[in-house]
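# Results of the structural survey
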Amino acid sequence: MKTDTGQAAWVDTVGHYAGAASRFAAYAVDVIVSWAAFALALAGVSFAILIVTGRSVSWHTGSSISAAVVFAVWELTYFGYCWAAAGRTAGMALLGLRVVRADGTDLDPWRGVLRALVFPLSIILCGLGFAGILVQHEHRALHDLLAGTAVIYSWDAAAARLRFAAHAAGRPSPGRGAASPAPGEAVPPPSG
Amino acid sequence: MERVLDLVVQSIDVDALAQQVDVDALLRQVDVNRLVQRVDMNAVIEKVAVNALLDQVDINHLIARVDIDAIVRQTDLGAVVSMSSGHVAGRAVDIVRAQGVELDRLIDRWVRRLLRRKDPGLVAPPALRNAEAVT
């Protein structure tokens, strides 16, 4: 997809409100990352208990409720810390998204924590809290409205476009083959 | 004496006089190179207010007209970019992000059509919108 000036449309979207697909993909990545980290930590704790006490611990029996509580706290910590410290989680960093205040200025740490605290509300209401991402003018979910935040595209799209152009021009760096065309870019005629 | 001069000047038909002058022949006799050599270019440049001149140039408009793809194709800039930024993971991330934005735009278009929204909507938060307007 190209604009009238021949420029890929996504280059101009940096700083704009992020849409549903990117945000959902970022959330999916975060769920996987946080869950994997939690499972690793749990395995580490189990191993430590086994080494120290000689008894193996199963998290799937009587202590499943406590494990669920710990998991909930972990999720809160993961999202809260990431938003408070950097304004983005691992998934958001991967998808090039960032949480900002509703007016577009940088997020205050406490607002990041507040966003994490109210985030479950969007899930609890049968996921309806997320509908705002689709239908609201500013693509803000319920937890965004409550915490006074918004999610924007924040990545170096101009540099990415240059990289795509470099690959499409058929000048790969040593050790790599000729590149495929970039998304939204026209395929240039073969040079030489 | 002045009165006489005034009368003489008034009686001259300047237009008719100018028509009789062969300007081309006159210009042919002018040695432009010699003329230019006598001009102190440094003094001329010093008199030019470069900053005022640059203020009037719309840099963004100029940059928008630059065909980056063509520059990359025709120069070694592409190789430099590839070598400086290039690993497969980085490229994969670029693709994921770009595809995500394209998909977002597609979904947004469908939702707007479904909700019969005519207005273009807000594309950026106020602070970032203002920053865009400035740059």
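Provided above is the structure to which this section pertains.
Residues numbered from 1 in each chain as written. Chains lettered and ligands numbered in written order. Predicted model: local features only at pLDDT ≥ 70, side-chain atom pairs only at ≥ 80, totals over all residues.

The helix and strand inventory of chain A stands at seven helices and two strands. Ordered by position from the N terminus, the helices and strands of chain A form the series α-α-α-β-α-α-α-β-α. Here chain A, with 192 residues, has 36% of them falling under the buried criterion. Within chain A, residue pairs in contact and separated by at least 24 positions form 59% of the contacts whose partners lie at least 6 positions apart. (Helix = DSSP H or I, 4+ residues; strand = E, 2+ residues; numbered from the N terminus. Buried ≥ 20, exposed ≤ 12 C-beta atoms within 10 Å, placed from the backbone. Contact = placed C-beta atoms within 7 Å.)

By size, the foremost hydrophobic cluster in this structure holds 41 residues, and its most contacted members are Leu97(A), Val151(A) and Ile152(A). Among the secondary structure elements, those contributing two or more residues to this core are helix H1 (20–53), helix H2 (64–86), helix H3 (90–95), strand S1 (97–101), helix H4 (109–124), strand S2 (149–153) and helix H7 (157–168) of chain A together with helix H10 (88–114) of chain B. The element that contributes the greatest number of residues to this core is H7(A), accounting for seven residues. When residues no more than four places from it in sequence are discounted, the contact partners of Leu97(A) are Ala18(A), Ser22(A), Arg23(A), Ala26(A), Arg88(A), Met92(A), Val151(A), Tyr153(A) and Ser154(A). (Core = buried A, V, L, I, M, F, W, Y, C linked by C-beta atoms within 7 Å.)

Positive phi outside glycine occurs at Cys126(A), with the angle close to 50°. Positionally, Cys126(A) belongs in the loop between H4 and helix H5 (131–135). The backbone of Arg116(B) shows a phi angle near 55°, a positive value even though the residue is not glycine. Position of Arg116(B) among the secondary structure elements: in the loop between H10 and helix H11 (126–134). Under the C-beta neighbour-count criterion, Arg116(B) is labelled exposed, with 6 such atoms within 10 Å.

Our focus in this paragraph is the pairing of S1(A). Residues and elements named next belong to chain A. When you tally the buried positions in S1, you get four out of five residues, the bulk of the element. In terms of strand pairing, S1 meets S2 through five bridges, oriented antiparallel. The partner of Val99 across the bridge, within S2, is Val151. (Pairing = 2+ DSSP bridges.)

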